Amino acid sequence: MLSKFRKPFRSYPVWARMLAILIVIGVISMMRTSPPVEKAANPRKPLQLDTSLTDWTSEELKRNPNIIIVLSESFWDPTLMKDLSFSRDPIPTFHELSKKYTSGWMLSPQFGGGTANVELEVLTGNSMRFLPENTIAYEEFVKRDIESLASILSSRNYTPTAITPFYDWYFDSRNVYRHFGFSRYISYEFFNPDEFVGPYIGDHAVAKRIIEESARTEGADFIFANTMENHYHYYANKFERNTIRIKDKKDTMAGAAIDILETYAQGANGADAMLQELVEHYSKVKEPTIVVFFGDHLPFFEEDYYVYREGHYLQGEEDPDFLQKTHKVPLLIWNNYLQEGREDLYFNPSFLGPYVLNLAKIKGSDYTDFLSQLSKKIPIIPPKSYYEAMNINEADLTEYQSRQQVMMFGDDRNTPESMDDPPIQPTLIMGYGDPVITSVTPDSLSTVDGALTDTKKMIQITLTGGRYGIGSVVYVNGKPMQTKWESEQELTADLPKSLLAKPGNLELQVKVVDEKENILAQSKPYFLPVLVRKTSIDDTRR
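Throughout what follows, the structure given in this document is the object of discussion. Within every chain, residues take consecutive numbers counted from 1 along the sequence as written. At least 70 in pLDDT is required for a residue's local features to be given in this predicted model, at least 80 for side-chain atom pairs to be given and counted, and no such filter applies to totals for whole chains, interfaces and linings, which use all residues. Hydrogens are left out, water is left out, and the side-chain values use all remaining heavy atoms of the structure.

Whether two strands pair depends on DSSP finding at least two bridges between them. Secondary structure elements follow DSSP: runs of H or I no shorter than four residues count as helices, runs of E no shorter than two count as strands, and numbering proceeds from the N terminus. The mixed open sheet is built from 9 strands, whose spatial order is β12-β3-β11-β10-β1-β8-β4-β5-β13. Both outer strands of the open sheet, β12 (344–347) and β13 (429–430), are each paired with one neighbouring strand and no more. With 3 bridges connecting them, strand β4 (residues 159–163) and strand β5 (residues 184–186) associate as parallel partners. Bridge pairing in β5 places I163 opposite I186. On the sheet, helix α3 (residues 92–100) packs against β3 (102–107), β10 (289–295) and β11 (328–335) and is oriented at approximately 65° with respect to β11. Here, two residues are considered to be in contact whenever any of their heavy atoms come within 4.5 Å of each other. Axes here mean lines fitted to C-alpha atoms, for a helix over just the part in contact, with angles spanning 0 to 180 degrees between N-to-C directions. In the packing of helix α8 (residues 203–216) onto the sheet, contacts are made with β1 (66–72), β4, β5 and β8 (221–226), and the angle to β8 comes to roughly 170°.

This is the structure:
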């Protein structure tokens, strides 16, 4: 576990917190070997979908659809840089599905970071345009229950689950998801140590949990997941190897910029593989399912838009299409049961939720109905400095801003600290609930084991049960032990021999502990006996 900071971590600026975390993750990644993302000589198989409805029953088709929303970290289409050539398409699945299914773009409120602000728009319909710039809404403004897709769909008998392969506390996500009405939150601490691809948890691990969760429940699921595999940085050796080669047709692009872009393209290919995994799986499942896949913001390619300028995509902040080039993110909406044709979309992320509810034919709320109508009149809400150029009448947004004010802060705008209302989901389940210990090997220890004078200072035990992940730590008599993750069902722990000095019972627990030493879940106590056994001559000779 990491030591505590001298002052609260959240009191540091956002940029400082992110930099500190990236440095730690970078060091960890240097100590870890990652599996290859994809071998150049053996690319993925072409997309194979089974979307025939001929063997679906009318009852199956009438079920409320699963709604799966995937926010893919920094997902963007690098082939938009037209002066560059790619040895193969980095995102072939996205491109192929976009031709047949509803797709398009959203104008993200962020560039290069600030994922939580995009989440806020998608999940609640509230807009960052009406909140102060350079703020993280999750940390500063979500201090009370706020209507969201999770709470709306929960009231329609959906099971709402959030999945994030990053720390539970980051952006205050654990409290925010509770206020939004999610009933389960699977965070980084519940992923496995062997699921890293480069310095972050791979996208396949997220897809795996999406599929697991939708299979676990009987009724319809709402799953909101975000990813981390293709998060900044994009240094040349981030992944085991890059298998997509990029050339500048003008032959003027700096080699360092090409290295960065090739790494990004490799990560984008991993995101595309996740999309393929999801749609191939749900094309074979006889449950109506909608999969929404989009990027939260464009990738940060170093200061002053370095790679974008080197790749002849952007002239800089003076570019006449600066806003569109730096804030338009790709969007795809796939389904396995609707026969209607595709649509071309372009709107703000705050209008995505109402669109999906209408597509799924799920009754929303008065607020989502209002947003749905507004999106037809004003689909794009840019920063105020663009209102005149984009023919936006600020008076047309007054009702939206007023409704958001009430939604987030109540009738009177009190300070966020005074509005810590009881959350919608007071019993938010973290991960898979409390871990379980079913057996321990050896099934008992003895005082002789503690008295031996051999060179071993520790006694190793193996705990079987589950479900164990990165944050699982074995505690003995209330103190954490050196723990090694073996599998989702097995942990080993080293116990100091001093624990075996007297006969009795050792109280074992598995606790899921985050990086700030918060306990997210814990098993029931398991008692391991320490027995009295006389020391034999053979024992003393060991």
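Here the narrative resumes.
A helix's residues, less one, multiplied by 1.5 Å, set its expected span. Counted at 1.5 Å a residue, the expected span for α8 with its 14 residues is 20 Å, and the 20 Å between its end C-alpha atoms agrees. Residues of α8 that are buried: D203, A205, V206, A207, R209, I210, I211, E213 and S214. Where α8 is buried, its residues touch β1, β4, β5, β7 (200–201), β8 and α9 (255–282). Only protein chains enter the accessibility calculation, which uses a 1.4 Å probe; a residue whose area is less than 20% of its type maximum is buried, one above 50% is exposed, and one in between is partly exposed.

By the element assignment, D272 lies in helix α9. With a relative accessible area of 0%, D272 lands in the buried category. Within 3.5 Å is the distance limit for a polar contact, defined as a pair of N or O atoms, with the added protein rule that one can donate a hydrogen and the other accept it, and that residues adjacent in sequence qualify only through two side-chain atoms. Side-chain polar atoms of D272 contact the backbone nitrogen of F94, separated by 2.8 Å. Each residue touching D272, except ones within four places of it in the same chain, is listed here: R44, P90, I91, P92, T93 and F94.

What follows covers the pairing of β12. Remark: a regular strand shows side chains that alternate across the two faces of the sheet. Only one face of β12 is buried, namely the one carrying L345 and F347, since none of D344 and Y346 on the opposite face is buried. Here β3 pairs with β12 via 4 bridges, running parallel. Counterpart to S103 in the pairing with β12 is D344.

Right, let's talk about unusual backbone geometry for a bit. Cis geometry is found at the peptide bond from T441 to P442, where omega equals -5°. Mapped onto the secondary structure, P442 falls in the loop between β14 (436–441) and β15 (445–446). Following G466, the chain continues to R467 via a peptide bond in cis, the omega torsion being -15°. Here R467 shows up in the loop between β16 (458–466) and β17 (472–476). If you check the backbone angles, N157 has positive phi at about 70° while not being a glycine. By the secondary structure assignment, N157 is in the loop between α6 (149–154) and β4.

Working definition: a ring pair exists when centres of Phe, Tyr or Trp rings (six-membered ring for Trp) sit within 6.5 Å. Plane angles under 30 degrees give stacked, over 60 give edge-to-face, the rest tilted. Under the counting rule described, the total for this entry stands at 33 aromatic pairs. Taken together, a centroid distance of 6.3 Å and an interplanar angle of 65° make the contact between F370 and Y400 edge-to-face. On the criterion of sequence distance, the pair formed by F370 in helix α13 (residues 366–377) and Y400 in helix α14 (residues 398–409) is long-range, its members being 30 residues apart. For the pair F370 and Y400, one class covers both residues: buried. One aromatic cluster is present, built from ring pairs that chain together W76, F111, Y232, Y234, Y264, F300, F301, Y305, Y308, Y313 and F322. The rule for a charge over a ring is simple: NZ of Lys or CZ of Arg within 6 Å of the ring centre, and within 35 degrees of the ring normal. Over the ring of Y313 we find K325; its NZ or CZ atom is 5.6 Å from the centre of that ring. A cation over a ring is seen here: K328 above W105, with NZ or CZ 5.1 Å from the ring centre.

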